[in-house]
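# Observations on the model geometry
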Amino acid sequence: MTYVERVLKNLKKHNPNEPEFHQAATEILTTLEPVVEKHPEYEKAALLERFVEPERVIMFRVPWVDDKGKVQVNKGYRVQFNSAIGPYKGGLRFHPSVNLSIIKFLGLEQILKNSLTGLPIGGGKGGSDFDPKGKSDREVMAFCQSFMNELYRHIGADTDVPAGDIGVGGREIGYLFGQYKRIRDEHVGVLTGRGLSYGGSLVRTEATGYGLIYITEEALKARGDSFEGKTVVISGFGNVAIYACQKAQSLGAKVVAMYDSNGYIYDPNGIKLDIVKDIKEVKRGRIKEYAQRVEGSVYTEGCKGIWTIPCDIALPCATQNEIDAASAQTLVNNGCKYVGEGANMPSTLEAIEVFQKNGVVFLPAKAANAGGVATSALEMAQSSGRIFWTFEEVDAKLKGIMVNIYHNIDNAAKEYGYEGNYVMGANIAGFKKVADAMMAHGVV
Ligand code: NDP
């Protein structure tokens, strides 16, 4: 049994009932075989064992009172996974499916993603099984304040800087920040994704979606191609999906489908983004309204069918494990040539295998969606420097970072003899920097 196999076996044994964490760890560790072979000192230092064990896991109760006066209790989490290269950084997810396994998989991914940005940020992730959907603003505020009443002791501008994720957007960040400031009496960059009136950065809202398109554009360019005239399918109907759609359209692509967790819309004439934004961002409505408002578009109940729509480029931007092997095969059969992961771990291990076997250019999440956290780090830089960059300045830095990530993962894959395998490239390139820092720090 190899070193990697032993670490994975132990991880599964000592962390039972954490399937998403096992999945992410398997994807990462199996691609690191050639690196640990080249560096026998890692095994001696138990580097992988330390890498897969969070530095700290915080779990807490979050009591709050709903609009009927009833006391509700949710679970809160913050996993401070790895601070070797910088303060913990990673989003908060509010969704009923949230559990320790999901937060740990996201945290583990985040370590390498943050490393790939080239910026000094470690990996962390948090959240709650609270569901903001259907709650009043007052209920969301009550929940966020209670969540922060515990979280504030563990975070700080130089310690751990959370941001948004599924179910945590500008409104939630505002309530969380307001409560942190009230308790600590500090107006600092302790959360990113803040509003522009209180320390936020331009482009943070658009960053993950834009970044996904920038890296995909670079992959297209490397093959003498572009977004112009391409048919694109995007899953999700949230922050990442909307801004990926906007940027892809601005580069001449036709985005024909999107979904929320109830069903998908197909618009053969190209999605009308102003209507999408009105439904989602203004009315907090459901995607099905789109078909009622746009002639020629169709709404279908259920999500999976979206992957049967023929496209050149698929951009999963909703949640983990959206694309299984069967959907991946359907995409391939219908001529899909590029997959860029906007969501975290949206493709199963089997789906990735299908893409890679069939020559699809597959850009894994930790590289493809790193634009969000990269821009968060730019927000941190502006906060500590008390400076404010223009939209064009931040956007140019974001684009530079994404182009760089593409070439780093491409080069790392080539260096280890796996040309075009960006799962290998991203994991290796991300891991090397973290491993160097961990080795330099000694046994900690
Ligand atoms: P949002 O909450 O803004 O949107 C999420 C979208 O995905 C919603 O349309 C939601 O539908 C849909 N969705 C969620 N769960 C499911 C499900 N089980 N099945 C089908 N659809 C689902 O989140 P974001 O756009 O911020 O995040 C999307 C993904 O991108 C996540 O994987 C996140 O981790 C990742 N990501 C986000 C970053 C960011 O900056 N925001 C940065 C990097 C990664 P519904 O409203 O019906 O629940």
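### A closer look at the overall build of the protein
The helix and strand tally for the protein stands at 18 helices and 12 strands. Projected onto its principal axes, the C-alpha positions of the protein cover 65 × 55 × 45 Å. Within the protein, the proportion of its 444 residues that are buried is 57%. Partitioning the intrachain contacts of the protein with sequence separation of at least 6 by distance along the chain shows that 72% fall at a separation of at least 24.

### Quick notes on the sheet that holds strand β11 (residues 338-340)
By definition, the strands of a sheet pair up through backbone hydrogen bonds, in either a parallel or an antiparallel sense. A sheet is described by the order of its strands in space; here 7 strands give the open sequence β9-β8-β7-β6-β10-β11-β12, paired in mixed fashion. Every interior strand has two partners, whereas the edge strands, β9 (298-301) and β12 (361-363), have only one. For this sheet, the mean angle separating the axes of adjacent strands, direction not counted, is 15 degrees. Two strands pair when backbone bridges link them, and strand β6 (residues 231-235) and strand β10 (residues 313-316) are joined in this way by 4 bridges, in the parallel orientation. Residue V232 lies in a different strand from β10, and its bridge partner there is I313.

### Observations concerning helix α16 (residues 370-385)
Between the first and last C-alpha of α16 there are 23 Å, a value that for 16 residues agrees with the 22 Å anticipated at 1.5 Å per step. Of all 16 residues making up α16, 13 are buried, and the element is well covered by its neighbours. One or two steps after α16, the chain reaches R386, where phi turns positive at roughly 50 degrees.

### Focus: the site of the ligand
Near the ligand, the surroundings consist of 26 residues, among which D165, T208, S261, R286 and N344 are the closest. Interatomic distance of 3.0 Å between a backbone N/O atom of G167 and an oxygen atom of the ligand. Contacts to the ligand include S261, whose side-chain N or O atom sits 2.5 Å from an oxygen atom. Burial of the ligand by the protein amounts to 87% of the accessible area it has alone, namely 890 Å². Among the elements of the structure, α9 (204-222) and α10 (239-250) are those that each provide at least two residues to the shell around the ligand. Of the residues belonging to the shell around the ligand, the class tally is 8 nonpolar, 11 polar and 7 charged.

### Some thoughts on the nonpolar core
One recurring pattern in soluble globular proteins: nonpolar side chains tend to sit buried together. Ranked by internal contacts, the top residues of the largest apolar core, which has 61 residues, are I234 and M258. Here the element with the most residues in this core is α9; it accounts for 8 residues. In this view, I234 contacts A241, A244, C245, V255, A257, M258, Y259, I306, L315 and C317; residues no more than four positions away in its chain are not counted. Counting 36 residues, the second-largest nonpolar core is a separate cluster that includes V4, A25, I28 and F51.

### Details of the packing of aromatic side chains
Here the structure, examined in full by the defined rule, presents 17 aromatic pairs. With a centroid separation of 5.3 Å and 70 degrees between ring planes, the pair formed by F94 and F147 is classed as edge-to-face. Here F147 lies in helix α7 (residues 137-151) and F94 lies in strand β3 (residues 88-94), a separation of 53 residues in the sequence. Aromatic rings pair up to connect F60, W64, F94, F130, F143 and F147 into one cluster. Sitting over the face of the ring of Y210, K247 holds its NZ or CZ atom 4.5 Å from the ring centroid. The ring of W389 carries the charged tip of K397 above its face, separated from the ring centre by 4.4 Å.

How each quantity is defined
Residues numbered from 1 in each chain as written. Predicted model: local features only at pLDDT ≥ 70, side-chain atom pairs only at ≥ 80, totals over all residues. Heavy atoms only, no water. Helix = DSSP H or I, 4+ residues; strand = E, 2+ residues; numbered from the N terminus. Buried < 20%, exposed > 50% of the residue type's maximum accessible area, 1.4 Å probe, protein only. Contact = heavy atoms within 4.5 Å. Pairing = 2+ DSSP bridges. Axes fitted to C-alpha atoms, helices over the stretch in contact; angles between N-to-C directions. Expected span 1.5 Å × (residues − 1). Near = heavy atom within 4 Å. Polar contact = N/O pair within 3.5 Å; in protein donor to acceptor, adjacent residues only side chain to side chain. Areas by Shrake-Rupley, 256 points an atom, 1.4 Å probe, with all protein chains shown as cover. Nonpolar A, V, L, I, M, F, W, Y, C, P; charged D, E, K, R; others polar. Core = buried A, V, L, I, M, F, W, Y, C linked by side-chain atoms within 4.5 Å. Phe/Tyr/Trp six-rings, centres within 6.5 Å; stacked < 30°, edge-to-face > 60°. Lys NZ or Arg CZ within 6 Å of the ring centre and 35° of its normal.

Without other data, these values stay purely geometric and don't point to any function.
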